[in-house]
Amino acid sequence: MRSGPWGVIQMQNTNCDRCCKIKLGFAVGNVVGMYLAQNFDVPNIAKKIEDIKKDVEAKKKPPNDK
């Protein structure tokens, strides 16, 4: 422990505190993601990327055999 401004005692961050914050953030992110996916029309990003790859490959010029 150390004394901060105005004599307030501050606890040093431990690895346990950091780990708990990471786990809590992960859990909240999952819950928010599930809510958004169920209640809104969220686009399928993986499908969009595949469509873009197909478009790029279709626009490539075939090699000339001359």
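Structural notes, computed from the coordinates. (Residues numbered from 1 in each chain as written. Predicted model: local features only at pLDDT ≥ 70, side-chain atom pairs only at ≥ 80, totals over all residues. Heavy atoms only, no water.)

Along the backbone of the protein chain there are 2 helices and 2 strands. For the protein chain, with 66 residues in total, the buried portion stands at 2%. Carbon and sulfur atoms make up 61% of the accessible area of the protein chain, which totals about 6900 Å². (Helix = DSSP H or I, 4+ residues; strand = E, 2+ residues; numbered from the N terminus. Buried < 20%, exposed > 50% of the residue type's maximum accessible area, 1.4 Å probe, protein only. Areas by Shrake-Rupley, 256 points an atom, 1.4 Å probe, with all protein chains shown as cover.)

Attention now goes to a nonpolar patch on the surface. Judged by side-chain polarity, Leu-24, Val-28, Val-32, Tyr-35, Leu-36, Phe-40 and Val-42 come together as a nonpolar surface patch covering roughly 670 Å² of accessible area. Examined against the element boundaries, Val-32 turns out to sit in helix α1 (residues 15–39). (Patch = residues over 30% accessible without salt bridge, like charges linked within 9 Å, V, L, I, M, F, W, Y side chains within 5 Å. Salt bridge = Lys/Arg side-chain N within 4 Å of Asp/Glu carboxyl O.)

Turning next to helix α2 (residues 45–59). At 3.6 residues per turn, the α-helix brings residues three or four places apart onto the same side. Counted at 1.5 Å a residue, the expected span for α2 with its 15 residues is 21 Å, and the 21 Å between its end C-alpha atoms agrees. By the N-cap criterion, in which a side-chain oxygen at the helix start approaches the backbone nitrogen of a residue two or three places on, α2 is capped by Asn-44, the distance to Ala-46 being 3.3 Å. (Expected span 1.5 Å × (residues − 1). Polar contact = N/O pair within 3.5 Å; in protein donor to acceptor, adjacent residues only side chain to side chain.)

Moving on, we come to the state of the cysteines. Per the counting criterion, the structure on display carries 0 disulfides. Left without a disulfide partner, Cys-19 is nearest to the cysteine sulfur of Cys-20, which lies 5.8 Å away. Cys-20 sits in the partly exposed class, given a relative accessible area of 47%. (Disulfide = S-S within 2.5 Å.)

On the surface, a cluster of negative charge is contributed by Glu-50, Asp-51, Asp-55 and Glu-57. As for its position among the elements, Glu-57 is in helix α2. (Lys, Arg positive; Asp, Glu negative; His and termini not counted. Charge placed at Lys NZ, Arg CZ, Asp CG, Glu CD.)

A word on the environment of Val-42. Structurally, the position occupied by Val-42 is in the loop between α1 and α2. Residue classification places Val-42 among the partly exposed residues on the basis of a relative accessible area of 49%. Look past the residues within four positions of Val-42 in its chain and what remains in contact with it is Leu-36 and Ala-37. (Contact = heavy atoms within 4.5 Å.)

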